[in-house]
Amino acid sequence: MLVTLVALLAAAVLLVSLSRRLGVGSILGYLLAGVLIGPSGLRVVTDVDSISEISELGVLMLLFIIGLELRLPRIWAMRRAVFGLGGAQMAVTGAVLTLIAHAAGAPWNAALILGAGLALSSTAIVLPMLGERQLLSLMSGRDAFAVLLFQDIASVPLVALTPLLAGQHSHGPIWLAVLKAAGGVAVILVGGRFVLRPVFAAIGGAKTRELFTATALLVVTGAAAIAGAAGLPLSLGAFAAGVILAESEYRHELQADVEPFEGLLLGFFFMSVGMSANIGLAIREPVNILIGVVVLLTVKIVIAFGLGRIRGQIMPTAVRFALALPQGSEFGFVLFGAAVGVGALGHPTADRTTLVVALSMLISPVLFALSERFLIPGLLKKTPKQTTDVRNVAPAPVVICGFGRFGQIVGRVLVARGIAFNALDAEAENIDLVRRFGHIAYYGDATRLDLLRAVGADTAKVIVLALPDPAQVLKIAELAREHFPQAKVLARARNRRHAHLLMDLGVNALVRETFFSSLRLTELVLRSLDFSEAEARRTVATFRERDEQMLINQHAFYDDEKQLMQTATQAADELRALFEADTST
């Protein structure tokens with residue numbers, strides 16, 4: 001056992017480090033590590049089943065953490081994406097793959113199981129893959145998550161239907177199976193709602209660290225065990241427990257305690273997938289296996305891309321969405337094993353399909369990484385030219401350059417007051433998002449003079465520079481000073497130096513991007529330290545006034561670091577003395 005553990009950790013450290021350096025993410029490293037030390041490689045580890053059983057805890061913990069981050073109102077808000085897009089993906093992909101499997105010689109019952117199992121995608125691969133690249137908050141990431149969530153829900157009837165497709169039901173009548181499933185869900189819901197909080201309170205919350213951690217692990221495994229006893233997927237039980245506890249005061253502590261176990265065990269899960277790949281079968285039947293992998297990836301990518309476009313995704317968003325979901329699912333292994341057990345699927349077919357799924361899991365992270373490096377950047381540049389026309393834009397009193405989070409707040413306030421504006425942004429997904437919410441924004445590089453003129457900068461009263469890139473803000477400020485003198489320029493400054501460079505260009509109406517939010521947070525900190533509301537507000541207002549004056553005073557020598565430090569120290573001393581005098585009076 002010790003040799004096995006050393007082999008697992010050593011392979012993971014070496015290959016995951018290498019894969020991250022190559023920019024293809026950590027998942028591929030884990031998969032290749034499993035292939036290397038598994039039965040098809042160096043045979044350092046041969047008991048794959050034992051590793052798989054332990055490592056599946058990583059999948060349970062991943063889904064528990066996902067549940068912790070999901071509030072029930074958010075799930076309800078996502079219902080259209082979950083049941084609309086997710087349902088369409090499962091139905092269309094499953095139907096197409098079923099027809100292909102039947103055309104390849106599988107009887108209808110086996111073809112239905114193959115089609116449904118292969119339509120599923122791997123939550124354990126997709127979510128970390130998107131999370132590593134900060135894509136979960138984008139439309140492509142949110143839609144991929146919605147599809148995965150629907151697939152987890154759909155796995156419940158798949159388990160129940162598998163024995164029926166074999167002409168038997170080993171667990172009694174179907175109504176009894178449904179009743180058991182409903183009972184399992186009820187136990188998890190009631191237990192999570194009324195039992196878990198008192199239990200955490202009884203053990204003293206997070207005061208006894210090791211006991212709290214043990215209780216957190218008990219919650220995950222216990223919920224999974226209840227789901228399994230009710231005939232439901234184990235992962236669904238862990239997910240449901242997380243959703244229930246998302247509203248509790250222990251949510252953050254639970255997440256902090258479970259995450260270290262989740263990360264390591266999930267890595268072991270990916271390694272077990274690599275170990276389970278029957279490379280010998282691929283060597284004996286290379287053409288059949290290759291065709292299977294290509295067909296699976298192609299069908300799932302094409303269908304997901306088409307559904308994404310129907311949903312209204314722009315080209316790069318649809319490509320990201322499609323390339324995130326083409327692999328098979330870890331649940332496919334369970335489903336095909338169950339089908340073999342009841343006689344609905346033959347062993348040779350199950351072995352080939354399992355290998356196809358494993359290879360798709362190996363290939364999909366590479367495809368996604370390559371698309372992010374070479375395909376998506378080009379699409380992001382090309383897409384807006386096909387979808388945005390600024391030739392006939394009506395003039396407006398305000399032009400907003402940059403319509404991300406910062407610029408959108410400005411735009412929302414203007415909309416509330418009935419003030420027209422034209423917005424330019426170079427991020428295609430920003431444009432797609434705001435248009436879905438009914439706002440008008442145009443794709444374009446705001447540093448281009450012709451585009452500024454096209455959106456009415458010649459007649460605008462105000463030009464707002466809300467771009468996150470300081471160099472772009474400076475360039476537009478210079479263009480505005482030269483070509484649009486009638487407009488007042490208001491700018492987002494990244495930091496003090498950026499503010500001084502804007503002042504050089506005559507832009508004095510500027511806001512440092514984190515300044516006011518930091519002041520507001522500071523005011524809340526003082527209130528939490530028992531300062532009165534008036535005292536906290538006065539302290540922050542005094543600091544703001546002194547700091548803004550110091551910003552103006554330092555403009556004359558902002559390149560002299562020694563003098564900057566000297567004036568900053570002097571100002572801090574004066575401010576401290578002022579507060580001390582205020583306290584003593």
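Check the entry above for the structure.
Calculation rules
- Residues numbered from 1 in each chain as written.
- Predicted model: local features only at pLDDT ≥ 70, side-chain atom pairs only at ≥ 80, totals over all residues.
- Heavy atoms only, no water.
- Helix = DSSP H or I, 4+ residues; strand = E, 2+ residues; numbered from the N terminus.
- Buried < 20%, exposed > 50% of the residue type's maximum accessible area, 1.4 Å probe, protein only.
- Contact = heavy atoms within 4.5 Å.
- Phe/Tyr/Trp six-rings, centres within 6.5 Å; stacked < 30°, edge-to-face > 60°.
- Lys NZ or Arg CZ within 6 Å of the ring centre and 35° of its normal.
- Polar contact = N/O pair within 3.5 Å; in protein donor to acceptor, adjacent residues only side chain to side chain.
- Pairing = 2+ DSSP bridges.
- Axes fitted to C-alpha atoms, helices over the stretch in contact; angles between N-to-C directions.
- Parallel < 35°, antiparallel > 145°, perpendicular 65-115°, else oblique.
- Left-handed = near helix turned anticlockwise from the far one by under 90°.
- Nonpolar A, V, L, I, M, F, W, Y, C, P; charged D, E, K, R; others polar.
- Right-handed = clockwise from strand over helix to strand, strands pointing away.
- Patch = residues over 30% accessible without salt bridge, like charges linked within 9 Å, V, L, I, M, F, W, Y side chains within 5 Å.
- Areas by Shrake-Rupley, 256 points an atom, 1.4 Å probe, with all protein chains shown as cover.
- Salt bridge = Lys/Arg side-chain N within 4 Å of Asp/Glu carboxyl O.

Trainee: I tried to follow the overall build of the protein chain on my own but got confused; where do I start?
Mentor: Within the protein chain, the regular secondary structure consists of 25 helices and six strands. By the burial criterion, 48% of the 585 residues in the protein chain qualify as buried. Restricting the contact set of the protein chain to residue pairs at least 6 apart, pairs at least 24 apart contribute 73%.

Trainee: Looking at this structure, I do not really get the packing of aromatic side chains. What am I missing?
Mentor: Aromatic rings considered in pairs are described by the distance between their centres and by the relative angle of their planes. Within this structure, the stated rule accounts for three aromatic pairs. Ring centres 6.2 Å apart and planes at 90° place the aromatic pair Phe-83 and Phe-150 in the edge-to-face group. Taken as a pair, Phe-83 in helix α5 (residues 79–103) and Phe-150 in helix α8 (residues 139–165) lie far apart in primary sequence, 67 residues in all. Ring plane angle 40° and centroid distance 5.7 Å describe the contact between Phe-403 and Phe-421, whose orientation is recorded as tilted. Highlighted residues: Phe-403 in the loop between β1 (398–401) and α18 (405–416) and Phe-421 in strand β2 (residues 421–425), separated in sequence by 18 residues. A relative accessible area of 11% means that Phe-421 is categorised as buried. Lying over the aromatic face of Phe-515, Arg-512 brings its terminal NZ or CZ to 3.9 Å of the ring centre.

Trainee: Would you mind showing me how to read helix α7 (residues 123–132) here?
Mentor: Owing to its 3.6 residues per turn, the α-helix brings residues three or four apart onto one side. Counting buried residues along α7, seven of its 10 residues qualify, which places the element largely inside the surrounding structure. Every buried residue belonging to α7 is among Thr-123, Ala-124, Ile-125, Val-126, Leu-127, Met-129 and Leu-130, and all of these are buried. At the N-terminal end of α7, a side-chain oxygen is found 3.2 Å from the backbone nitrogen of Ile-125, two or three residues along, and the residue is Ser-122.

Trainee: Whenever I open this one, the sheet that holds strand β5 (residues 488–493) confuses me. Can you help?
Mentor: Adjacent strands of a sheet form backbone hydrogen bonds with each other and so pair up, either parallel or antiparallel. In spatial order, the strands read β3-β2-β1-β4-β5-β6; together these six strands make up an open sheet with parallel pairing. Of all strands in the sheet, those bounded by a partner on one side alone are β3 (442–443) and β6 (510–512).

Trainee: Before we go on, may I ask you to explain the environment of Ala-238 in this structure?
Mentor: Locating Ala-238 in the fold gives a position in helix α11 (residues 234–245). C-alpha of Ala-238 to C-alpha of Leu-60: the two residues are 178 residues apart in sequence and 5.7 Å apart in space.

Trainee: Help me understand the packing of α7 against helix α12 (residues 251–276) in this model?
Mentor: If you want to describe how two helices pack, look at the angle between their axes and the distance between the axes. Two elements in contact, α7 and α12, have axes whose closest approach is 11 Å; the angle formed by their N-to-C orientations is 125°. Classified by the interaxial angle, the pair formed by α7 and α12 is oblique. Note on packing geometry: the crossing formed by α7 with α12 is left-handed. Judged by residue contacts, Ala-124, Ile-125 and Pro-128 of α7 engage Leu-266, Phe-269 and Phe-270 from α12. Partitioning the contact of α7 with α12 into residue classes produces six nonpolar, no polar and no charged.

Trainee: Mind showing me how you'd approach the packing of helix α1 (residues 2–21) against α12 here?
Mentor: Put simply, α1 and α12 touch, their axes get as near as 11 Å, and they point 95° apart. By the angle class used here, α1 and α12 are roughly perpendicular. Listed contacts from α12 to Leu-5, Leu-8, Leu-9, Ala-11 and Ala-12 of α1 are Leu-264, Phe-268, Met-271 and Met-275. Residues of the contact of α1 with α12, tallied by class, amount to nine nonpolar, no polar and no charged.

Trainee: It is not clear to me how unusual backbone geometry should be interpreted in this structure. Could you clarify?
Mentor: Trans peptide bonds make up most of the peptide bonds, and negative phi angles are found at most residues other than glycine. One non-glycine residue, Arg-43, lies in the positive phi region at around 60°. Mapped onto the fold, Arg-43 is located in the loop between α2 (26–37) and α3 (48–68). In the Ramachandran plot, Asp-530 falls in the positive-phi region, its phi being about 75° despite a non-glycine side chain. Summarising the element assignment, Asp-530 is placed in the loop between α23 (515–528) and α24 (533–554).

Trainee: Honestly, the pairing of β2 in this entry has me stumped. Any pointers?
Mentor: Moving residue by residue along a regular strand, the side chains alternate between the two faces of the sheet. Judged by how many residues are buried, β2 sits mostly within the fold: five of five residues are covered. Here β2 shows two buried faces, one formed by Phe-421, Ala-423 and Asp-425 and the other by Asn-422 and Leu-424. The parallel pair β1 and β2, bridged by α18, forms a crossover whose chirality is right-handed. Across two bridges, the pairing between β2 and β3 is parallel. Bridging from a neighbouring strand, Leu-424 pairs with Tyr-442 of β3.

Trainee: What should I look at first to understand a nonpolar patch on the surface in this one?
Mentor: Residues Val-185, Leu-189, Val-190, Phe-194, Val-195 and Val-199 make up a contiguous nonpolar surface patch of roughly 500 Å² in combined accessible area. The topology assignment puts Val-199 in helix α9 (residues 174–202).

Trainee: Looking at this structure, how should I read the side chain of Glu-523?
Mentor: For Glu-523, the location among the structural elements is in helix α23. Here Glu-523 is in contact with Ala-536, Arg-537 and Val-540, once residues within four sequence places are set aside.

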